[in-house]
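Now for the letters of each chain:
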Amino acid sequence: MDSNKKYWKGLEELNKTPEFVELNKHEFAEPIPIEDVLTGGGLEGRTPRRDFLKAVGFGVGAVTLAACQKVPVHKSIPYLIKPEEVTPGIANYYASTLEGQAILVKTREGRPIKIEGNPNDIIGKGGLSARAQASVLDLYDVTRLKNPLKDNGDYGWEQTDSFVKSELEAIKTAGKKIRLITSTITSPSSLGVIADFLAAYPTAKHINYDAVSYTGIIQGNQNSFGKSVLPHYNFDKADVIVSFGADFLGTWISPVEFIRQYVQNRNNKSLEAKKMSRHIQFETSMSVTGTNADVRIPIKPSEEGVALLNLYNAISGTTLPGSQKLTNNPIADKALTLVAKELLQAKGKALVVAGSNDVATQILVNAINSLLGSYGKTIDLDNPSKQFAGNDAEFAEFVGEMNSGDVGAVFFLNANPVYDYYKSSDVVNGLKKVRLKVSFSDKNEETAALCNIIAPNHHYLESWGDDNALEGYYTILQPTINPVYDTRQAEQSLMIWSGSTVKDYYTYVRNTWDKSLLAKGGLSGQAGWEKLLQTGFVQTVPVAAGNYSFSYGLDSVAQKILDHSKELTADGSKVELQLYQKVSMRDGKRANNPWLQELPDPVSKTTWDNYANVSPADMRKWGWQDGDVVKIDANGYSINLPVLSQPGQAQGTISVAVGYGRTIAGPVGDNVGKNAFPFHTLRNNTLQTSVVAALTATGTNSPLAQTQTHHSIEGRNSIIKEATFTEYIKNPGARTGKEEDHKVYNLWDNYEHPTYNWVMAIDLNACTGCGACVVACSAENNVPVVGKDEVHRRREMHWIRIDRYYSFNDNGDNGGTTREHEIAKLNDLDHVKVVYQPMLCQHCDHAPCETVCPVLATVHSSEGLNHMAYNRCIGTRYCANNCPYKVRRFNWFNYWNDARFENYLQGDHTQLVLNPDVTTRFRGVMEKCSMCIQRIQAGKLKAKIEKRPLKDGDVKVACQQTCPANAIVFGDGNDPESEVSKALKSERTYYVLEELGVQPGVGYQVKVRNISELEA
């Protein structure tokens, strides 16, 4: 490694703050309160037996009944095995779909407990996001409505139908408008039902509304090419990728698909072929995509449009009117000139994307991509994405219609504008003038609470349906459990209210597929239908992507961009505010999901909050510390939020995540963070995410629950190893330390692995830090949620964590004074590099935890795994102290059944999501990654039953299976042909803290960056 390369997890570690030093000088973060343990005070929760009986009682009364009902609805077809009835102890897998992606649903005894990616899905190829993994928990949310409501009182379905139909007839007779407001719907069957409803009521109109808008891209393509579509991007076909604020690896459009594409040109296979794409990111706030970029340039929102104008000029050789340099950002100016050269050299294999929702900006991006020959290659307008079809102008018009008294009835499906519309007060006032207000929400949330009828929809795991999120790709949705509560699918309600002659929605879906969709997959009849339910999708032959010529006057576009830039430019007393989405919360619809709330943000490593990201230089200038609460005023709205010093944040800017500040979400999501949606502005009929804001210190401090420095590395830089692509080409093993020859001394006896040797390989070049593995592990292994206060006490329980390391070149005092060194460090903090490292139990052959356990609770297996015998553990925590990787967790409480944590677990009901193959750990014991031992045993048992050897791929651990980047590979190291053996033979492979001689069973591949002239 370079001797002057410095790695650190957080600013407190870099600067050795007194608080950090104090917390890390002790053996343990907190002592065990022995007196409390002995007396039961403070640690005693409710009686476990009582909790157990309550959980069982609920199961018999609700979910178990739903799982085992013999009502002959329409039988779902298992994906892999077809038992006549549910067999206790045997899992069934059903094909289904979630947000257009084909998935598999694992059920045990009739209850869904785990979501997996369908390995044949064309979007994720088996990979899933953290949100998809967490979706199963929403099924067991006890705040779901149990039946229909009228004016917030219980109501029957017959009464509801009678009331709604009579109201609709009266409104129809009066000629009043009827509006159906939904988030983007891509289901062919749902759209058919909606079309039938609109036909029955001529004054009705369907309006797509998305809290996070992509109207700018869609309208930009309409203006540029006459195609009102959201393109399908092909990052795998791009040699050079330039992004302006588009977090395509985190939250932009289809991140699971984009991650899969992106790593194809950056993983082991690509590097061994001496090929690697180039990625340059211009952005305001440090995003997941920015952390993965080869080169990242911080720019203000006001500079983005100007930067794109300069890039267009450099590529086209022309000068658009009003073009100007970024006078206060010479680094960006220099980078743009070099980026233009690289893009031109990669013509036909280049891609430029922008996250802006401004139409003029997107038109200019289209012009640039047209010059680069991207259409038909890296951009496909003929097989577009059908997601995010929301129209900002149409929804604004609807709000005006309500306030004018023109709307007689409004229906809300998966839309919550009272919370997430930027002018929610206009929505609230308008609803007061609407006669019939119906929500299909399964919870009494912000918008539903103002409706006179709530007709609760099924959870997707209880529903029939289909999806078509990508042109030519159709997926099927089938129920994996009967409805837990007295809910009804929204489409069924619309069919009843519109007088449909089709008896139920299942029949409607079946008719839709029989008419045309089965034939698209070469299927027909009952056999074809059953085949569809087994495979989960059909795919048609894609249309050949066309090469489109750009034709639109850019003079007016340039002027609009410059005008917008001036509007966003803040004077000395104000800052530029940018709104963004977090990987976990996104738009906030899933705020009541504790797995998502407790998932650390990949960049800030903060849980259970949103906050204002501020650059370290600005924090120092204003004299602020992390957690200091400031008042943010913008767009006639203000909130108080704690600040967080975020390396990489552009100076003179702040960024705040939307999706927080829910007021009627449930016990988990209520009043977590503050609502930032009202900071949006509507400009030229599209919602804008940037605005000028004023900041005022309040003098208070609200500590944030962060995880990034809970486990100090004590300056050992051998944990992270990285190289430039140029260095890798010259010597692939140069950064692994393999060339060093030194004598090794062993303090332990060597273990033999006669049958299996379970090992893992993790490619740091593929890992994007998305966090899907963290949630997948929690779902598979019954990892408890502990809540913000416990996280703040350094007690998070995740078995796998993703360590985020910052780095820069530390050149001593830079030949000057200490003050000059501090200033240089602050400038370096604007341009830090980031590396993500998944860290879990390393299952060392010479495990230091095993040698110090006084009761043999942690022991070594003959298959290379470090086991935990929970009923032996007495909680000394010696093993945690002796673990150099700090991957062991101590159960301070019975988190699953302690009354104080019911708020986070949503009640005893939620325990029905637990995996019965994994023991739930009790208070006072250590736990850690088991390499999904239950999956290993299941794989071996299956091979034994089938009288064959265990094959590579028979066993996949949860983190490996969900990873969209295929960054994690697990298998038998004794098999030289296994994927993991081949991965560990890579010249990039190294072992973390290998110098300690503990012989870890997890190998990492060196991080490689494609650095060129831009870094010179």
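Quick caveat, the model's predicted, so the values are computed rather than measured.

Asks: Where do I start with the overall build of the protein in this structure?
Replies: Helix and strand content of the protein: 34 helices and 42 strands. Counting every position in the protein, which comprises 1016 residues, the buried fraction comes to 63%. For the protein, the exposed area adds up to about 37700 Å²; of that, 51% sits on carbon and sulfur atoms.

Asks: Explain unusual backbone geometry to me, please; I cannot follow it from the model alone.
Replies: Residues other than glycine predominantly adopt negative phi, and peptide bonds predominantly adopt the trans conformation. Positioned with a positive phi, C932 is a non-glycine residue whose angle comes to about 45°. Within the secondary structure layout, C932 lies in the loop between β38 (926-927) and α32 (933-945). Given the relative accessible area of 6%, C932 is considered buried. Located in the positive-phi region is L993, a residue other than glycine, with phi close to 55°. Take L993: it is sitting in the loop between β40 (989-990) and β41 (1002-1005).

Asks: Can you walk me through the state of the cysteines in this structure?
Replies: Think of a disulfide as a covalent bridge from one cysteine sulfur atom to another cysteine sulfur atom. Within this structure, the stated rule accounts for zero disulfides. Counting only cysteine sulfurs, C932 is the nearest neighbor of C777, a cysteine outside any disulfide, at a range of 6.3 Å. Lacking any disulfide linkage, C929 is separated from the closest cysteine sulfur, that of C841, by 5.8 Å.

Asks: Could you clarify how one ought to interpret the pattern of salt bridges in this entry?
Replies: Two side chains carrying opposite charge are able to pair once their charged atoms lie near each other. Tallying each qualifying case throughout the model produces 37 salt bridges. Its salt-bridge partner being D141, residue K443 comes within 2.5 Å of it at the nearest N-O pair. Highlighted residues: K443 in the loop between β16 (436-439) and β17 (453-454) and D141 in the loop between α6 (130-139) and β5 (149-150), separated in sequence by 302 residues. In this structure, K443 and D141 share a single accessibility class: buried. R296 is paired through a salt bridge with E283; the nearest N and O atoms lie 2.6 Å apart. Taken together, the positions of R296 in strand β12 (residues 295-298) and E283 in strand β11 (residues 278-283) put the pair 13 residues apart, joining distant regions of the chain. Judged by relative accessible area, E283 falls into the buried class, the value being 4%. It is possible to trace a salt-bridge network through shared partners that takes in K114, E116, E780 and R935.

Asks: Sorry, what's going on with the environment of A779 here?
Replies: Considering the arrangement of structural elements, one finds A779 in helix α26 (residues 772-781). Look at A779 and you get buried, because its relative accessible area is 3%. It is 6.5 Å that separates the C-alpha atoms of A779 and K114, two residues lying 665 residues apart in sequence.

Asks: It is not clear to me how the nonpolar core should be interpreted in this structure. Could you clarify?
Replies: General note: in soluble globular proteins, nonpolar side chains tend to be found buried as a group. In this structure, Y233, F244, W252, F282, L343 and M760 are the most contacted members of the largest nonpolar core, which totals 186 residues. F412, Y421, C451 and L579 belong to the second largest nonpolar core, which has 43 residues in total.

Asks: Would you explain the packing of aromatic side chains in this entry?
Replies: Aromatic ring pairs: the centre-centre distance and the angle between the two ring planes describe each pair. Counted according to the given criterion, the structure contains 36 aromatic pairs. Considering the side-chain rings of F235 and F248, the 4.3 Å spacing of their centres and the 20° angle between planes classify their relative orientation as stacked. Of this pair, F235 sits in the loop between β9 (230-233) and β10 (240-244) while F248 sits in the loop between β10 and α10 (255-263); the two residues are 13 residues apart in sequence, bridging distant segments of the chain. A relative accessible area of 0% means that F248 is categorised as buried. Chaining the aromatic ring pairs together yields one cluster made of Y233, F235, F248, W252, F258 and Y262. Positioned over the ring face of Y155 is K150, at 6.0 Å from the centre of the ring.

Asks: Help me understand the sheet that holds strand β6 (residues 153-154) in this model?
Replies: The strands making up a sheet associate through backbone hydrogen bonding, with each pair oriented either parallel or antiparallel. What the seven strands build is an open sheet, ordered β6-β5-β17-β16-β15-β7-β8; its pairing is mixed. The two strands at the open ends of the sheet, each matched to only one other strand, are β6 and β8 (204-208). Pairing geometry for β16 and β17, over two bridges, is parallel. Looking at the pairing, S439 lines up with I454 of β17.

Asks: Help me understand α6 in this model?
Replies: Given 3.6 residues per helical turn, the α-helix brings residues three or four places apart onto the same face. Among the 10 residues that make up α6, 10 are buried, leaving the element largely enclosed by the rest of the structure. Of all the residues in α6, the buried ones are A130, R131, A132, Q133, A134, S135, V136, L137, D138 and L139. Those residues of α6 that are buried are in contact with β2 (91-98), β4 (111-117), α23 (594-598), α26 and α33 (958-962).

Asks: In this structure, what is going on with the pairing of strand β15 (residues 407-413)? I would like to understand it.
Replies: On any regular strand, side chains alternate: one points to one face of the sheet, the next to the other face. Summarising burial for β15: seven of the seven residues are buried, a large majority. Across six bridges, the pairing between strand β7 (residues 177-182) and β15 is parallel. Bridging across to β15, R179 finds its partner in V410.

Asks: What am I meant to see in the packing of helix α13 (residues 301-316) against helix α22 (residues 554-568) here?
Replies: Helix packing geometry: the angle between the two helix axes and the distance between the axes. Here α13 crosses α22 at 150°, and the two axes come no closer than 7 Å. Judged by the angle between their axes, α13 and α22 are roughly antiparallel. Read as a crossing pair, α13 and α22 show a hand that is left-handed. Where α13 approaches α22, its residues P301, S302, G305, V306, L309 and Y312 are matched on the opposing element by L554, A558, I561, L562, S565 and L568. Looking at the contact of α13 with α22 residue by residue, the classes come out as nine nonpolar, three polar and no charged.

Here is what the cut-offs are and how they apply
- For every chain, the first residue of its written sequence is number 1, and the numbers climb from 1 along that sequence.
- Selection of residues for local features in this predicted model requires a pLDDT of at least 70, selection of side-chain atom pairs for listing and counting requires 80 or more, and totals for whole chains, interfaces and linings are taken over all residues.
- As a rule here, side-chain values cover all heavy atoms of the structure and leave hydrogens and water aside.
- The helix and strand labels rest on DSSP assignments: H or I over at least four residues marks a helix, E over at least two residues marks a strand, and numbering proceeds from the N terminus.
- The buried label goes to any residue with under 20% of its type's maximum accessible area, the exposed label to any with over 50%, and the partly exposed label to all in between, with areas taken from a 1.4 Å probe on protein chains only.
- What sets the accessible areas is the Shrake-Rupley method with a 1.4 Å probe; for residues, cover comes only from the shown protein chains.
- Pairs of cysteine sulfur atoms within 2.5 Å are what we label disulfides.
- The term salt bridge refers to a side-chain nitrogen of Lys or Arg lying within 4 Å of a carboxyl oxygen of Asp or Glu.
- By convention a nonpolar core is built from buried Ala, Val, Leu, Ile, Met, Phe, Trp, Tyr and Cys residues, the set being connected through side-chain atoms within 4.5 Å.
- Any two rings among Phe, Tyr and Trp, with Trp reduced to its six-membered ring, count as a pair given centres within 6.5 Å; such a pair is stacked if its planes are under 30 degrees apart, edge-to-face if over 60, and tilted if neither.
- Geometrically, a lysine NZ or arginine CZ counts as sitting over a ring once it is within 6 Å of the ring centre and also within 35 degrees of the ring normal.
- A pair of strands is considered paired only if DSSP assigns at least 2 bridges between the two.
- Note on definitions: a residue-residue contact is assigned when non-hydrogen atoms from the two residues lie within 4.5 Å.
- To define axes, lines are fitted to C-alpha atoms, for helices over the stretch in contact only, and angles between the resulting N-to-C directions are given on a 0 to 180 degree scale.
- An angle below 35 degrees is read as roughly parallel, one above 145 as roughly antiparallel, one from 65 to 115 as roughly perpendicular, and any other as oblique.
- By convention the crossing between two helices is left-handed if the near helix lies anticlockwise of the far one by an angle smaller than a right angle, and right-handed if it lies clockwise.
- In this count, Pro and Cys sit with the nonpolar residues alongside Ala, Val, Leu, Ile, Met, Phe, Trp and Tyr, while Asp, Glu, Lys and Arg are called charged and the others, Gly among them, polar.

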